[in-house]
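# Coordinate analysis (summary)
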Amino acid sequence: MLELSDVHTYYGASHVLQGVTLAVGPGEIVTILGRNGMGKTTLIRSIIGFTPPRRGRVGFKGDDVTRWPPFRMVERGMALVPQGRRVFASLTVRENLEVARQSRTGRWTLPRVFELFPSLGNRARNRANKLSGGEQQMLAIGRALMTDPDLLLMDEPTEGLAPLLVREVGRVIAGLKRDGLSILLVEQNLPLALAVADRVHILSRGQIVHSSGPADLMANEAVKSRYLGVA
Amino acid sequence: MTAEFWITQAFNGLSYGALLFLLASGLSLIFGVMRIVNLAHGSYFMLGGYVGLSVVWRTGSFAAALVAGALAIALIGVGMERLFLRRLPGQTLGQVLMTVGFALMFQDLALLIWGGDPYTIPVPATLQGIVTAGALRFPTYRIFIIVVASLVGAVLWIVLDRTRMGAMIRAAVDDREMAQGVGIHVPVVSLGVFALGAALAALGGVIGGGFLGVYPGADFEVLPYAFVVVIVGGLGSLPGAMVGSLLVGLLDNFGKALFPELSYFTLFAPMALILALRPTGLFGRA
Ligand SMILES: Nc1ncnc2c1ncn2[C@@H]1O[C@H](COP(=O)(O)OP(=O)(O)OP(=O)(O)O)[C@@H](O)[C@H]1O
Ligand SMILES: [Mg+2]
């Protein structure tokens, strides 16, 4: 589904991603962990095309998509739930969903998104900036689904949410996996990350420093305390 | 000061504001979607006027002048955006230099083609009359300007506010990068908005040419007004451009009528005040 090989990404002169190689298979959830400022968002930006890598290759569904513009990625079946939600503030809930609609396979429609997130349906005519943080997160996820993706990039979808909502996001992610969606999930919430992941990578200073299954990481106190600050 | 004075001046201010709206709405949208400060926008107004003039001379048709002026300048706008401005994303200084450069070249070009004499675009006889209401006299042409600007404003508002295409444009204004991240072809949207903005400015130029005239220097004469409208109304906001145009049209008219020696003061002092109180303009967001 997604393969990155030796990806190097810069902001101007600052060399942030220093050779990242990873893969996400069909129907798989791969989780990226790592402390603040280690390059997780930069990795997501490199894949979707916001900050294309300077070196290395991004492959998606058999194509070399390394320097494709983001809207072509989306048309090919990649979707983004960005850090900080970034819903379109002056658009209504319905408009936020409508502008993202792609008519490729028709799997995801407005009614289906409202079925998944009933509170969005109730607030369809409200402006997105009037929603609560949790609702905005649901909207960001719904908006990504409207593009009818095969691969979902999620950047800290539980950041700043109350525990109840964190569990709700966890349920949604698990449900999407059952539907067969592939997900690359950046998460700082370790229990959630370990619960849904098939494989886990830890990013530190722009490099992958640990890769394993969730159970192995759970048991590896040394790695957890060194790279995640978990006692 | 009689009631007639106030009504007449308000009407004049309204019609001037209507003309400013044609000029400024495009400037505002272009800034909103592309974050480009287009200092050649006044040139589109002037060139539109000149193209309209030539078309009226050739064909005698004012309607043809409106269409041809708008289309010709839309093409110029498309060329500028595709070939030049697109290469300078996020580089404000480079964009300013480039658009000023274009404005100066357009000035030379206009002088070369149309010479230095001022002209007035001949308007159809039906638009030349005067509508009287009691002691009040309203030139038909100024009513025509108000009608055209209202129609343009209504269509723009419906498209922007009520259609999916309009929502895509607003999404690009809100967050250009994220708009691409949900699959919106932002470069195409930008090009369309740029062409539309140029066409509207040119439409204003042809219409303005029938009442202010077409002459060298018109470009840099209208540009500050357009910027005041856009800044006061809020960059990238259509309602802002509407309210800003009206405000500037009225202020300018009343300023010139009541305190002729202070006309810049009456225009720019309220602008400074509004900006001090609301740095993003009346309808703008940070
Ligand atoms: N636009 C930018 N320009 C320059 N440097 C940047 C930019 N964005 C991020 N950085 C730097 O790149 C490094 C990686 O940032 P990134 O946002 O990818 O981290 P992150 O792992 O997502 O952190 P967080 O958990 O806080 O979201 C940081 O040192 C950051 O300061
Ligand atoms: Mg981040």
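Before going into details, it helps to say that this report is about the structure given with it. Nothing here was measured: the structure is a model prediction, and the numbers come from that model.

## Thoughts on the coordination of the magnesium ion (ligand 2)
Residue and element names in this part refer to chain A. The protein atoms donating to the magnesium ion (ligand 2) are Thr-41 (OG1) and Gln-83 (OE1), with metal-donor distances spanning 1.9 to 2.1 Å. Taken together, the residues span a long stretch of sequence, with Thr-41 in helix 1 (residues 40-48) and Gln-83 in the loop between strand 6 (78-81) and helix 3 (93-98) at a distance of 42 residues. Exposure remark for Thr-41: the relative accessible area of 28% places this residue in the partly exposed category.

## Overview of the pattern of salt bridges
Applying the stated criterion across every chain yields a total of 18 salt bridges over all chains. Ionic pairing is found between Asp-150 of chain A and Lys-61 of chain A, a salt bridge with its closest N-O pair at 2.4 Å. Pair noted here: Asp-150 of chain A is in the loop between helix 6 (133-146) and strand 7 (151-155) and Lys-61 of chain A is in the loop between strand 4 (55-60) and strand 5 (63-64), with a separation of 89 residues, a long-range link. Residue Asp-150 of chain A is classed as buried on the basis of its relative accessible area, which comes to 17%. Note on Lys-61 of chain A: relative accessible area 27%, which makes it partly exposed. Taken together, the shared-partner salt bridges connect Arg-45 and Arg-86 of chain A together with Asp-175 and Glu-177 of chain B into one network.

## Quick notes on helix 6 of chain A
All names here are of chain A. Helix length check: helix 6 (14 residues) gives 20 Å between terminal C-alpha atoms against 20 Å at 1.5 Å per residue, within 8%. Counting buried positions along helix 6 yields 13 of 14 residues, so the element is predominantly enclosed. Positive backbone phi, at 60°, marks Asp-148, one or two positions downstream of helix 6.

## Some words on the layout of surface pockets
Residue and element names in this part refer to chain B. In this structure, the largest pocket spans a volume of roughly 660 Å³. Lining the largest pocket we find 28 residues, and of these Val-173, Gly-236, Ser-237, Phe-283 and Arg-285 sit closest to its centre. The element contributing the most residues to the lining of the largest pocket is helix 6 (residues 164-174), with four residues. The class makeup of the residues in the lining of the largest pocket is 14 nonpolar, eight polar and six charged. The calculated volume of the second largest pocket comes to roughly 320 Å³. Every residue lining the second largest pocket is counted, 15 residues in all, and those nearest its centre are Arg-86, Pro-89, Arg-176, Gln-180 and Ser-190. Counting only elements with at least two residues in the lining of the second largest pocket, the list comes to helix 7 (176-181) and helix 8 (186-209). Residues belonging to the lining of the second largest pocket are distributed by class as follows: seven nonpolar, four polar and four charged.

## Looking at the sheet that holds strand 8 (residues 182-186) of chain A
All names here are of chain A. What the six strands build is an open sheet, ordered 6-7-8-3-9-10; its pairing is mixed. Each end of this open sheet is capped by a strand with a single partner; those strands are strand 6 and strand 10 (207-212). Going across the sheet, the axis of each strand differs from the next one's by a mean of 20°, ignoring polarity. Direction of pairing for strand 6 relative to strand 7: parallel, over a ladder of four bridges. Within strand 7, the position partnered with Leu-80 by the bridge is Leu-153. Sitting on the sheet, helix 10 (residues 221-228) is in contact with strand 3 (29-33), strand 9 (199-204) and strand 10, with an inclination near 40° to strand 9.

## Some words on the nonpolar core
Grouped together as the largest cluster of nonpolar side chains are 155 residues, with contacts concentrated most on Leu-2, Leu-152 and Leu-184 of chain A together with Phe-62 and Ile-207 of chain B. Those residues within four positions of Leu-184 of chain A in sequence are excluded, and the remaining contacts are Leu-2, Leu-22, Val-24, Val-30, Ile-32, Ile-44, Ile-47, Leu-151, Leu-152, Leu-153 and Met-154 of chain A. With eleven residues, the next largest nonpolar core counts Leu-33, Ala-193, Leu-194 and Leu-228 of chain A among its residues.

## Some points on the site of ligand 1
All names here are of chain A. Taken together, the neighbourhood of ligand 1 is formed by 13 residues, with Gly-37, Lys-40, Thr-41, Thr-42 and Gln-83 sitting nearest. With respect to ligand 1, the backbone of Gly-37 contributes an N or O atom lying 2.8 Å from an oxygen atom. Protein chains bury 58% of the 630 Å² of accessible surface belonging to ligand 1 in isolation. Sort the elements by how many residues they give to the shell around ligand 1 and helix 1 lands first, with three residues. Of the residues in the shell around ligand 1, the class split is three nonpolar, seven polar and three charged.

## Points about the pairing of strand 8 of chain A
Remember that side chains alternate between the two faces of the sheet whenever the strand is regular. Residue and element names in this part refer to chain A. Counting buried residues in strand 8 gives five out of five residues, a clear majority hidden from the surface. By the alternation rule, side chains of strand 8 split into Ser-182, Leu-184 and Val-186 and Ile-183 and Leu-185, which are all buried. Alignment of strand 3 against strand 8, held across four bridges, turns out to be parallel. Across the sheet, the residue bridging to Ile-29 is Ile-183, located in strand 8. Pairing geometry for strand 7 and strand 8, over five bridges, is parallel. Bridge pairing links Leu-153 to Leu-184 in strand 8.

Conventions we followed
- Residues numbered from 1 in each chain as written.
- Chains lettered and ligands numbered in written order.
- Predicted model: local features only at pLDDT ≥ 70, side-chain atom pairs only at ≥ 80, totals over all residues.
- Heavy atoms only, no water.
- Donors = N, O, S within 2.8 Å, 3.2 Å for Na, K, Ca; no water.
- Helix = DSSP H or I, 4+ residues; strand = E, 2+ residues; numbered from the N terminus.
- Buried < 20%, exposed > 50% of the residue type's maximum accessible area, 1.4 Å probe, protein only.
- Salt bridge = Lys/Arg side-chain N within 4 Å of Asp/Glu carboxyl O.
- Expected span 1.5 Å × (residues − 1).
- 1 Å grid on protein atoms, 1.4 Å probe; cavity = no way out; pocket = protein on both sides within 12 Å on 5 of 7 lines; lining within 4 Å.
- Points joined across faces, edges and corners; volume = space filled by probe spheres on them.
- Nonpolar A, V, L, I, M, F, W, Y, C, P; charged D, E, K, R; others polar.
- Pairing = 2+ DSSP bridges.
- Axes fitted to C-alpha atoms, helices over the stretch in contact; angles between N-to-C directions.
- Contact = heavy atoms within 4.5 Å.
- Core = buried A, V, L, I, M, F, W, Y, C linked by side-chain atoms within 4.5 Å.
- Near = heavy atom within 4 Å.
- Polar contact = N/O pair within 3.5 Å; in protein donor to acceptor, adjacent residues only side chain to side chain.
- Areas by Shrake-Rupley, 256 points an atom, 1.4 Å probe, with all protein chains shown as cover.

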